[in-house]
Amino acid sequence: MLGRPEALRRFGWLTGRLWSEVAARFPVRLPRGYLGDAARPDDPRLRTALPDPAELEDDPGDLPDPVGDAARSPLPWVVHKHPDRVLLLLTKRCHVYCRYCFRRNHHPGADPDRPDSHAEDPSPAEWAAMLDYARRSPAREVILSGGDPLAISDERLFAAIDAVRRPGRTLRVHTRAPIAWPRRVTPALLDGLRARAPVWLLVHANHPVELTPEVRAALGMLVDAGIPVLNQAVLLRGINDDAAILQELCEELVSLRVFPYYLHHPDAAQGNASFRLTPEAGLRVWRELRGRVSGVALPQYVIDRPDGSGKIGVAEFFGL
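Read on for an overview of the structure. (Residues numbered from 1 in each chain as written. Predicted model: local features only at pLDDT ≥ 70, side-chain atom pairs only at ≥ 80, totals over all residues. Heavy atoms only, no water.)

**Some remarks on the overall build of the chain**
Part 1 of the argument: When its secondary structure is counted, the chain shows 10 helices and 9 strands.
Part 2 of the argument: Classification of the 320 residues of the chain by burial places 53% in the buried group.
Part 3 of the argument: Total accessible area on the chain stands at roughly 14,000 Å², and carbon and sulfur atoms take up 53% of it. (Helix = DSSP H or I, 4+ residues; strand = E, 2+ residues; numbered from the N terminus. Buried < 20%, exposed > 50% of the residue type's maximum accessible area, 1.4 Å probe, protein only. Areas by Shrake-Rupley, 256 points an atom, 1.4 Å probe, with all protein chains shown as cover.)

In structure tokens form, the structure reads like this:
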């Protein structure tokens, strides 16, 4: 993993001072190889993975908890927004700390006045309580998220699945690892997930440039193992807010047997204002996309409501 500017000297616009100032608010982390052959400053992989001075600028629209998780968290590492679904945060670690992330404030450095609130992993007692809550819940779906649940070991992941699975219950693993670190998809991971079916995998690709040969191979391995794979993208200003780019992404995903499930309106996290676009602009892009692709390739355009009540269509939420 890359964690300091010396590892990225070929990107001369990154200075040590910028790196340290931004990383003090939100750490910088990405795997070796994720940037591939990216050389231009406007490459979307650079824009979404590396620090930018704009992150230091406050915006009137910033929210400390942009999706309302805190109000729906009955105990640490658990989010329970819907009676039939419960979400477990297995870790706060990720392979890439995306600069637009709505959980930016969960990481060390985000709140220097509350260092204990940003531990990257549950304590043993918190881990046990989290799994016990899900085990006792009547929810028909348990979502394993983070951070990234594939940033922990197979053994720990499988132990979590085994603790909460039961007949009639579906497990979802929400992960960016197959996109950011495709070598994480190993035969051992595939065997373990297949043995614990039904397990669905939701991955996160925002731009067709991320679908490298290695990523395509990893996604193919997952699908060939009988694991359903869906994609969640975020609509990001200056990155993919173009119907032609989204068309290429969605059609490429379908060709890889990955269903384009959601297109998220960007959440108003502190420090990510440069990535946000207005709902009117977002709807224009999505409606043009709707005219370009089939229903199989069309994601739902949604926003995760700031009050913690869950996702809803952008047009419905804003009355557009």
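Once you've had a look at it, read on.
**Observations concerning helix α7 (residues 213–224)**
Every α-helix carries 3.6 residues per turn, so stepping three or four residues along brings you back to the same face.
Part 1 of the argument: With 12 residues, α7 extends 16 Å from end C-alpha to end C-alpha; this agrees with the ideal 16 Å at 1.5 Å per step.
Part 2 of the argument: Of all the residues in α7, the buried ones are Val215, Ala218, Leu219, Gly220, Leu222 and Val223.
Part 3 of the argument: On its buried face, α7 sits against α5 (177–180), α6 (187–195), β5 (199–203) and β6 (229–234).
Part 4 of the argument: One or two positions beyond α7, positive phi appears at Gly226, with a value near 85°. (Expected span 1.5 Å × (residues − 1). Contact = heavy atoms within 4.5 Å.)

**A few points about the packing of helix α8 (residues 243–255) against helix α9 (residues 279–290)**
Part 1 of the argument: Relative to each other, α8 and α9 sit at 50°, their axes nearing to 9 Å. Accordingly, the angle class assigned to the pair α8 and α9 is oblique. The element α8 and its partner α9 pack so that their crossing is right-handed. Contacts between α8 and α9 involve Ala243, Leu246, Gln247 and Cys250 from the first element and Val285, Glu288 and Leu289 from the second. (Axes fitted to C-alpha atoms, helices over the stretch in contact; angles between N-to-C directions. Parallel < 35°, antiparallel > 145°, perpendicular 65-115°, else oblique. Left-handed = near helix turned anticlockwise from the far one by under 90°.)

**As for a nonpolar patch on the surface**
Part 1 of the argument: Judged by side-chain polarity, Val254, Phe259 and Val296 come together as a nonpolar surface patch covering roughly 220 Å² of accessible area.
Part 2 of the argument: Along the chain, the position of Val254 falls in helix α8. (Patch = residues over 30% accessible without salt bridge, like charges linked within 9 Å, V, L, I, M, F, W, Y side chains within 5 Å. Salt bridge = Lys/Arg side-chain N within 4 Å of Asp/Glu carboxyl O.)

**Some details on the nonpolar core**
Part 1 of the argument: Ranked by size, the top nonpolar core spans 68 residues in total, and within it Leu88, Leu90, Leu144, Leu157, Leu193 and Leu219 carry the most contacts.
Part 2 of the argument: The dominant element in this core, judged by the number of residues it contributes, is helix α4 (residues 154–164), at 6 residues.
Part 3 of the argument: Other than its neighbours up to four places away in sequence, Leu219 contacts Pro178, Ile179, Val203, Leu211, Val229, Leu256 and Val258.
Part 4 of the argument: Ala49, Val96, Leu236 and Phe275 belong to the second largest nonpolar core, which has 16 residues in total. (Core = buried A, V, L, I, M, F, W, Y, C linked by side-chain atoms within 4.5 Å.)

**Comments concerning the packing of aromatic side chains**
Part 1 of the argument: For the structure shown, the criterion picks out 4 aromatic pairs.
Part 2 of the argument: Between Tyr100 and Phe275, the aromatic rings sit 5.8 Å apart at their centres with planes inclined by 75°, giving edge-to-face as the arrangement. Taken together, the residues Tyr100 in the loop between β2 (85–89) and α3 (124–136) and Phe275 in the loop between β7 (259–264) and α9 connect sequence positions 175 residues apart. Across the pair, Phe275 and Tyr100 agree in class, each one buried.
Part 3 of the argument: Summarising the aromatic geometry, the rings of Phe317 and Phe318 are spaced 4.9 Å apart at their centres and angled 85° between planes, so their arrangement reads as edge-to-face.
Part 4 of the argument: Taking the relative accessible area as the measure of exposure, Phe318 reaches 33% and is therefore partly exposed. (Phe/Tyr/Trp six-rings, centres within 6.5 Å; stacked < 30°, edge-to-face > 60°.)

**Regarding unusual backbone geometry**
Part 1 of the argument: The step from Gly146 to Gly147 runs through a cis peptide bond, and the omega angle for that step is 25°.
Part 2 of the argument: Structurally, Gly147 can be placed in the loop between β3 (141–145) and α4.
Part 3 of the argument: The phi dihedral of Trp77 falls on the positive side, at around 75°, and the residue is not glycine.
Part 4 of the argument: Along the chain, Trp77 falls in the loop between α2 (44–49) and β1 (78–82).

**What to know about the environment of Arg184**
Part 1 of the argument: Tracing the sequence through the fold places Arg184 in the loop between α5 and α6.
Part 2 of the argument: Remark: the alpha-carbon pair of Arg184 and Ala151, spanning 33 residues in sequence, is separated by 8.8 Å.
Part 3 of the argument: Ignoring sequence-local partners within four residues, the contact set of Arg184 consists of Leu150, Ile152, Ser153, Asp154, Ala177 and Leu189.
Part 4 of the argument: Within the structure, Arg184 has its side chain in polar contact with the side chain of Asp154 (distance 2.8 Å). (Polar contact = N/O pair within 3.5 Å; in protein donor to acceptor, adjacent residues only side chain to side chain.)

No statement about biological role is implied by the geometric values presented.
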